[in-house]
Amino acid sequence: MVSKESGRSETMLKGIGVSPGIVVGPARVLLPDATRVSSRSIGGEDVAHERERFRVALRETRAQLLHIRKQVSEVLDEEHARIFDAHMLVVEDELLVGEVEQAIEQERLNVEPLLQRIAMQYADKLAGLEDQYLAERAVDIRDVTRRLLANLAEETVESLRDIEAPCVLVSNDLLPSDTAGLDREKVKAFITDLGSASSHTAIMARALNVPAVVGLRSATAAVHPDDRVLVDGARGVVFVCPSEERLAEYAERSRNQAEIRQELDLLRDKPPETLDGYHVPLTANIELLEELEGVDAGGAKGIGLYRTEFLFLGAKTLPGEEAQVEAYVQAAQSQFPAPVVIRTLDLGADKMPDALKGRREMNPFLGHRAIRLCLGRPALFRTQLRAILRASVHENVRLMYPMVTGVAEVKAANALLQECMDELTEEGVAFNREIEVGTMIEVPSAALVADKIAPHVSFFSLGTNDLIQYTMAVDRGNEDVAHLYQPTNLAVIRLIDHVVKICRRFGLWSSVCGQMASSPHLVPLLVGLGVDELSVSPLQAPVIKDVIRKLYYADAVALAQRALISDTPEEVEAHCVNMIVDVAPEVLALTE
Ligand code: PEP
Ligand code: MG
């Protein structure tokens, strides 16, 4: 099929749909502008680090080029794919790489300006040659240099600010903080080469209600600036230069989905209760205060997870105690008397504000993140604990620690909390001494020693996004291993089952706040496993409520029992999907 507008044939790209919605718009392709590279002096001790950064960028670029080559050979043909062989030669050019490394040593500058200068010298020399073939290699060098600089760049904020008109943003990757700063009036949808469903960028896209497809691998290569692009965020597909037939098909699909959503909106004030009267409290996950309005509109009651780190990621300077109190009080007041679970900072890994950036970590998701970072920076942590305590004069405020691995961290955090309570008492500042404190269970070690942690807290919230990542040893943000990211893996189901049983034994409240709770077909499984509460993205609340209300609790329990003796994740997945087909098929029309 051919697009009427551009005359080019329609191309379909398949990725991972992370935020639903159908959008058609002109593409704005973002690759960092090579002219913006900044130069900084480095000490002799930093030379090795700078060379390592360069080598990592070379490896990343090479891997991306291999992906694109494969994709182009599948979608187009071998002849077009060979263009990327030429690109690969640039990354492997020992002369160029050696010259850059030598320049780092001799000139004591960061790699970016040196790479840019040396690569451009090569390109200019080639461009001036008579030989047509060699002259064309100059284009390859410029292109690959841009990609290398993109991989070296730690932020794209500068270029994101340049977006002037409504568009579909196309980029290699976006950081959660980039996404948090997107202008929703301008960026109607975004699509990226990298990323996966439970990455923080995906979470941000859902929070902002910006349709998004990630993990497309070759979007930046396949989409040209100003191409018309159709994004289907639920199905995870993108059509570049869509045909008239495609546009008509999607207009129809869009109308149909809007009708279903309207029906589901009628559930807003209905209880989240199964057909046989089993109540499953439905709360919301929020990242930004702007989402509070959507919590009421979607029919969730209370906040099961307030990801406070986004207060830090979006800001130019770190918010102090007063600014935090203001934010937490606003959240608490908006939901009163329903509970608001304020999670202490889960900074680190892909969520690190510039002001806290330290040494580069080789495995940041296994590194200085969340409770570890907070316990390592007591001043930062105390400020937040004091702010949460002060907000707890609104008695619906609860406090929760992220990424706990065992009882020692909980005891250390509780000791600091106690010190903050003593301080506030001395200062005569009011707070709720009986504030409920809980932990996330998102690391297998914490799940396995849940009985040891239980006496120190009053609730557990299962963070399945990380629990799956750490149980399966699968990077939640890496599209190459996305197929191994299996919520229905028996190892994951057993851990959830174990934690729920511990909660029952110790009289603790259990909830799930990971993406599993927002996935309609996994809801019966979680309910059947006995999870007390589901905390979901606000927009998804009507869909999840619909599923709960069409379910028999007894059937959910039978499904969970079956899952616990199943052999494969595929088998469990199939049972879960079948149940949705039976009880709430309208939900599938929103995703298929
Ligand atoms: C989780 O890990 O499931 C979770 C809810 O926390 P986050 O997604 O913020 O890491
Ligand atoms: Mg987590």
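Residues numbered from 1 in each chain as written. Chains lettered and ligands numbered in written order. Predicted model: local features only at pLDDT ≥ 70, side-chain atom pairs only at ≥ 80, totals over all residues. Heavy atoms only, no water.

Draft legend 1. Quick peek at the overall build of the protein chain. In terms of helices and strands, the protein chain carries 26 helices and 16 strands. The C-alpha radius of gyration of the protein chain comes to 25 Å, within 12% of the 25 Å expected for a compact globule of 592 residues. Dimensions along the principal axes, computed over C-alpha positions, put the protein chain at roughly 80 × 60 × 45 Å. Sequence separation of 24 or more characterises 69% of the internal contacts of the protein chain that already satisfy a separation of 6 or more. As displayed, the protein chain offers around 25,100 Å² of accessible surface, 52% of which is attributable to carbon and sulfur atoms. Side chains of the protein chain carry 62 positive and 90 negative charges; the gap between the two charge centres is 2 Å. (Helix = DSSP H or I, 4+ residues; strand = E, 2+ residues; numbered from the N terminus. Rg over C-alpha atoms; globule rule 2.2 N^0.38 Å. Contact = heavy atoms within 4.5 Å. Areas by Shrake-Rupley, 256 points an atom, 1.4 Å probe, with all protein chains shown as cover. Lys, Arg positive; Asp, Glu negative; His and termini not counted. Charge placed at Lys NZ, Arg CZ, Asp CG, Glu CD.)

Draft legend 2. Highlighting the site of ligand 1. Around ligand 1, the surrounding shell holds 17 residues, and the nearest of these are Arg-307, Arg-343, Gly-463, Asn-465 and Arg-476. Separating an oxygen atom of ligand 1 from a side-chain N or O atom of Arg-369 is a distance of 3.3 Å. In this structure, an oxygen atom belonging to ligand 1 sits 2.8 Å away from a side-chain N or O atom of Arg-476. In the complex, the protein chains occlude 100% of the 290 Å² of accessible area that ligand 1 would expose alone. Those elements that place two or more of their residues in the shell around ligand 1 are α9 (200-208), β10 (303-307) and α20 (464-472). (Near = heavy atom within 4 Å. Polar contact = N/O pair within 3.5 Å; in protein donor to acceptor, adjacent residues only side chain to side chain.)

Draft legend 3. Here's a closer look at the sheet that holds strand β13 (residues 436-441). Taken together, 8 strands build a closed barrel; the order of strands is β9-β10-β11-β12-β13-β14-β15-β16 and the barrel is parallel. Here the average twist between neighbouring strands, direction ignored, is 25 degrees. Helix α21 (residues 490-506) rests against β13, β14 (459-462) and β15 (509-512) of the sheet, and its axis sits at about 165 degrees to β14. (Pairing = 2+ DSSP bridges. Axes fitted to C-alpha atoms, helices over the stretch in contact; angles between N-to-C directions.)

Draft legend 4. The packing of α21 against helix α24 (residues 553-564), seen in detail. The interhelical angle for the contact between α21 and α24, taken along N-to-C directions, is 125 degrees, at an axis separation of 10 Å. The orientation of α21 relative to α24 falls into the category oblique. With respect to the hand of their crossing, α21 and α24 are arranged in left-handed fashion. For the pair α21 and α24, the contacting residues are Leu-490, Ile-493, Arg-494, Asp-497 and Arg-504 in the first and Tyr-553, Ala-563 and Leu-564 in the second. When its residues are assigned to classes, the contact of α21 with α24 shows 5 nonpolar, no polar and 3 charged. (Parallel < 35°, antiparallel > 145°, perpendicular 65-115°, else oblique. Left-handed = near helix turned anticlockwise from the far one by under 90°. Nonpolar A, V, L, I, M, F, W, Y, C, P; charged D, E, K, R; others polar.)

Draft legend 5. Spotlight on the nonpolar core. Judged by nonpolar contacts, the single largest core of 122 residues is most densely connected at Phe-190, Tyr-306, Tyr-401, Phe-460, Ile-496, Leu-525 and Leu-534. If you tally residues by element for this core, the top one is α21, at 8 residues. Apart from the residues lying within four places of it in its own chain, the contact partners of Tyr-306 are Ile-286, Glu-287, Leu-289, Leu-311, Ala-327, Tyr-328, Ala-331, Val-341, Ile-342 and Arg-343. In terms of nonpolar packing, the next biggest core, distinct from the first, is built from 30 residues, Val-47, Met-88, Ile-104 and Tyr-122 among them. (Core = buried A, V, L, I, M, F, W, Y, C linked by side-chain atoms within 4.5 Å. Buried < 20%, exposed > 50% of the residue type's maximum accessible area, 1.4 Å probe, protein only.)

Draft legend 6. Geometry of the pattern of salt bridges. Considering all chains together, one arrives at 35 salt bridges under this definition. For Glu-112, the salt bridge goes to Arg-53, with nearest N and O atoms at 2.6 Å. Here Glu-112 is found in helix α5 (residues 111-127), whereas its partner Arg-53 is found in helix α1 (residues 47-75), with 59 residues between them in sequence. Both residues of the pair, Glu-112 and Arg-53, belong to the buried class. In this structure, Glu-249 engages Arg-246 in a salt bridge whose closest nitrogen and oxygen atoms are separated by 3.1 Å. With Glu-249 and Arg-246 both in helix α11 (residues 244-265) and 3 residues apart, the pair spans about one turn of that helix. A relative accessible area of 32% places Glu-249 in the partly exposed class. Judged by its relative accessible area of 15%, Arg-246 falls in the buried class. Here the salt bridges share partners, and the residues they tie into one network are Glu-321, Glu-322, Arg-382, Arg-386, Arg-390, Glu-419, Glu-423 and Glu-427. (Salt bridge = Lys/Arg side-chain N within 4 Å of Asp/Glu carboxyl O.)

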